[in-house]
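Residue-level listing of the chains:
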Amino acid sequence: MVNSDDGGGLKRRHAVPSDARPVWSQRLRGAVSCVAAAESGVLVGTARGDVVHGVDGREVSRLAAHRGRVVGVQPTEAGIVTAGADGRVRLWGPAGPRATLELGREATCLTARPDGVWIGGADGAVRWWHPRAEAEARRLGHAAPITAIAPAGDGALSGDAAGTLWSWTREEGRVVETGAPVVGLVRAGLHHVVARADGTLTVLLGEARLATRAVGPVTALAAIGDRVWAASGRQVTSWRVPDLEPLGQHLGPSPVTALTAAGGRLWTGSESGEVLAWDEPWSPERAVLWHDGAVRGVAFGPGVLASVGRDGHLRLWDPGSGKSVAVFTGHEGGVEAVDVQLGELATAGADGTVRLWTMDGPIWTKRVSAASLSAVCLSEGCVVAAGLDGRVHVNDRATGRRMHSLEGHSERIRCLARHPSGLVGSAGYDGVLAVWEPREGRALGHVVAHPGPVIGLCALDGGWATASLDGTVALWDPASTRLATLEAHEEGAVGVVPVGSDGLVTAGLDGTVRRWSVSRRCCTAELRLGQPLMCLAASGRQVAVGARSGDLFVLEAEA
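Presented here is an overview of the structure given in this document. Along each chain, numbering runs from 1 in the same order as the chain's sequence is written. Selection of residues for local features in this predicted model requires a pLDDT of at least 70, selection of side-chain atom pairs for listing and counting requires 80 or more, and totals for whole chains, interfaces and linings are taken over all residues. Neither water nor hydrogens contribute to the side-chain values; these are computed over all heavy atoms in the structure.

1. Some points on the overall build of the protein
Phase 1 of the analysis: Helix and strand counts for the protein come out as 0 helices and 56 strands.
Phase 2 of the analysis: It is over C-alpha atoms that the radius of gyration is taken, and the globule rule equals 2.2 Å times the number of residues to the power 0.38. For 559 residues, the compact-globule estimate of 2.2 N^0.38 gives 24 Å, and the protein sits close to it at 27 Å.
Phase 3 of the analysis: Here's how the labels work: a residue is buried when its accessible area is under 20% of the maximum for its type, exposed when over 50%, partly exposed in between, all with a 1.4 Å probe on protein chains only. Burial status across the protein gives 61% buried among its 559 residues.
Phase 4 of the analysis: Contacts are assigned to residue pairs that have any heavy atoms within 4.5 Å of one another. Contacts in the protein between residues at least 24 apart in sequence constitute 42% of all its contacts with a sequence separation of at least 6.
Phase 5 of the analysis: Using the Shrake-Rupley algorithm and a 1.4 Å probe, accessible areas are obtained, with residue cover drawn only from the displayed protein chains. Per element, the accessible surface of the protein, about 21,000 Å² overall, is 48% carbon and sulfur.
Phase 6 of the analysis: When the 55 positive and 59 negative side-chain charges of the protein are each reduced to one mean point, those points stand 3 Å apart. The helix and strand labels rest on DSSP assignments: H or I over at least four residues marks a helix, E over at least two residues marks a strand, and numbering proceeds from the N terminus. Under this rule, positive means Lys or Arg and negative means Asp or Glu; His and the chain ends count for nothing. A charged residue contributes its charge at one atom only: NZ of Lys, CZ of Arg, CG of Asp or CD of Glu.

2. Some thoughts on the pattern of salt bridges
Phase 1 of the analysis: Salt bridge, as used here: a side-chain nitrogen of Lys or Arg that lies within 4 Å of a carboxyl oxygen of Asp or Glu. Following the criterion strictly, the structure yields 23 salt bridges and no others.
Phase 2 of the analysis: Taking the shortest distance from any N to any O, the salt bridge between Asp86 and Arg88 comes out at 3.7 Å.
Phase 3 of the analysis: Accessibility expressed as a relative area gives 22% for Arg88, which makes it partly exposed.
Phase 4 of the analysis: Here Arg442 and Glu440 are joined by a salt bridge, their closest N and O atoms 2.6 Å apart.
Phase 5 of the analysis: A residue is classified by how much of its surface remains accessible, and Glu440, at 49% relative accessible area, is partly exposed.
Phase 6 of the analysis: Shared partners join several salt bridges into a network, and the residues in it are Asp123, Arg127, Glu136 and Arg138.

3. Let's talk about empty space enclosed by the protein
Phase 1 of the analysis: Both site types are read off a 1 Å grid over the protein atoms alone. A 1.4 Å probe that fits but cannot get out defines a cavity, while an open set with protein on both sides within 12 Å along at least five of seven lines defines a pocket; lining residues have an atom within 4 Å of a point. Grid points are joined across faces, edges and corners, and a volume is the space filled by probe spheres set on the points. Taken as a whole, this structure holds 4 cavities of 30 Å³ or more when the rule is applied.
Phase 2 of the analysis: In this model, the largest cavity occupies a volume close to 80 Å³.
Phase 3 of the analysis: Contributing elements (two or more residues each) for the lining of the largest cavity: strand E24 (227-232) and strand E25 (235-240).
Phase 4 of the analysis: Only Asp, Glu, Lys and Arg are considered charged, only Ala, Val, Leu, Ile, Met, Phe, Trp, Tyr, Cys and Pro nonpolar, and every remaining residue, Gly among them, polar. Residue composition of the lining of the largest cavity, by class: 7 nonpolar, 4 polar and 1 charged.

4. A word on the sheet that holds E24
Phase 1 of the analysis: Pairing within the open sheet is antiparallel, and its 4 strands lie in the order E23-E24-E25-E26. Because the sheet does not close on itself, it has two edges, and the strands there are strand E23 (220-224) and strand E26 (245-251). Mean inter-strand twist for the sheet, computed between neighbouring axes without regard to direction, equals 20°.
Phase 2 of the analysis: Note on pairing: DSSP must find at least two bridges between two strands before they are called paired. Here E23 runs beside E24; their pairing, made up of 5 bridges, is antiparallel. Each residue of the ladder has a partner; that of Ala222, found in E24, is Trp229. Axis geometry follows a simple rule: fit a line to the C-alpha atoms, using only the stretch in contact for helices, then measure angles between N-to-C directions, giving values from 0 to 180 degrees.

5. Some details on the pairing of strand E27 (residues 256-262)
Phase 1 of the analysis: Along E27, 5 of the 7 residues are buried, which leaves the element largely enclosed by surrounding structure.
Phase 2 of the analysis: Direction of pairing for E27 relative to strand E28 (residues 265-270): antiparallel, over a ladder of 6 bridges. By the bridge assignment for E28, Ala261 is matched with Leu266.

As C-alpha cells, then:
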C-alpha cells in the first residue's frame, strides 16, 4: 500500500491506484452478452446476435451468428461454438457454419470440452453435443431454466433458476445441492464457484462445500487457477479460491455484464457495448475500496470499517489492509447512513427502513417512515433514525419496536450523533442543532446553528461540532452555546470528526480534508483528494472519507 505525506499531517493509507486502467478498449454495436478468451484476443457475443473477434481493441472478424442474443461462445480445436436465444447451437469454421444443433427451445448457456459441448436450455434440459460426430444426448432433471453450466470431471455441473445444482456425465445426472437461484458458475482449478441470487459465492470441491461468502449481487463470473472474479455493477472483485479471501478490486466505467480471464488478463463487457481489457493490477498490496455510486455514510467499529452508498450495499472492510470483509444488501434503493457500536451495525435507507445487523448478517428490519431516511445512530438500548420527514424516530434496539417519534425540526434531518453522555444530537436543512434524551423521548433544547443546511455533526467531550454547506464548522459547549466558528471549506463542509485530544478533521465539497487544532482555532494540515466528498468518520488516528464518485479513502491523522 503506497503512503503519501502530501497532506502534511494527513497520510493517505488506501486510495485508487492511478494505473488501474484498461490496456485497451473496443466499442461494439449492441450490448455485450458473453465473452471468451481466444489465442489471439477475445471473442465477444452481443445482444444483436453477432460474435466479434477482437485483438488489442481492433475488430478482426464478425459473424452474424444468431437471430437474437448470443448466450455463449467458446473457442475449440474444431472451431468456434456459439449458442443463441434463437434455439440454435453452431460450430463455426473459417468458411462459415460447419454444424448446427436445433434445440427447439432457447439456449441459455454453454461450456466446451475436448470431447464435446454441454448446453443448458430454457426448457431445463442439459444436452451434450459432439458437432463432428453429430452425436447428441439430452438429459432431464432440472425443473427450471438452466442459468449456468461449467465443466466438471468427465461431464458438467449445471445450475438453474430454482437454485438446484446438478452433476452430469453423458450417462446420468444427480443433484449436488439446492439453495437460492444460481446466477453464475465457473470452474477454478479443481474447484467450482457458484454465485447465487442471495448475493453469496460458494466454493465446492466435488460435492463438498468449502466456503461461502456474502459478496452482494453478481452479474458475471470468471476464473483461472485459484482466482475468481465477480462483477457487481461497475465493480469487479478478485477472490482467492478456496477460502474466498478478497484480493482486490477495480471499477470500470459502466456496469459489467460479461467476464473472462486468461493469461493474466481480464476482459469485461457491458450493456453499452464496450469491451475492456485489463492487465491484472490487483493484489493485497494494492487494495482499492469502492462503491458503485456515491458513498453516503462511513463508520468505524472494533477492527472494521463500515460504508454504505447509493448502490444499496453495506460493505465491511479491514481498515488496516483495505481488504473487503463482507458485503450485505437488503435495502430497496440507496443506503444513506450507517453507525456501529458494540459489534452491531445500524443502517438507514431511502426506502424508509432501519436495519440492524451483526457482522455476520441482519437481525431485524423496521419501516419507520414513509419518507427517505438520511441518518442513523445507535444509543443505549435504542436505534435512532431521521430523515426527510423532519422527525427523530426511536426504536428499541433489541426488538425494533417503535418507542418515540419526536418533532423538533422543520425540514429534513441530515445527521445524528451520539454523545458520550448518552444524549443524541440532530441537525439538518433547517440549520437547527437539537439535543435529545432518546429513551425517554425528551427534547433538551435546540439552537439555530447555521443559516444554511447542516450536513455534518459530531460529539465532543465538551459539546458538539456542526458542519454546514455554508462552508463553516461551529463548535458548541454542552449548553449549545457557540464557542467558535471555523471557515473550513470554500464549497461547503460535509463532515466533522474529532481526532486526538485537540484535533478535528473536516471534509468538504471542494475535495479537501483538513485537520484543525481546537485550542488554536487554526488549520494544521490539508490533503486534496480531487473530488467532491460526502461523509467521513474517525477512530483513533484513522479517518475514512467517502466521495461522490464512489471512492472510499482511508487516511491517517498523524500525532
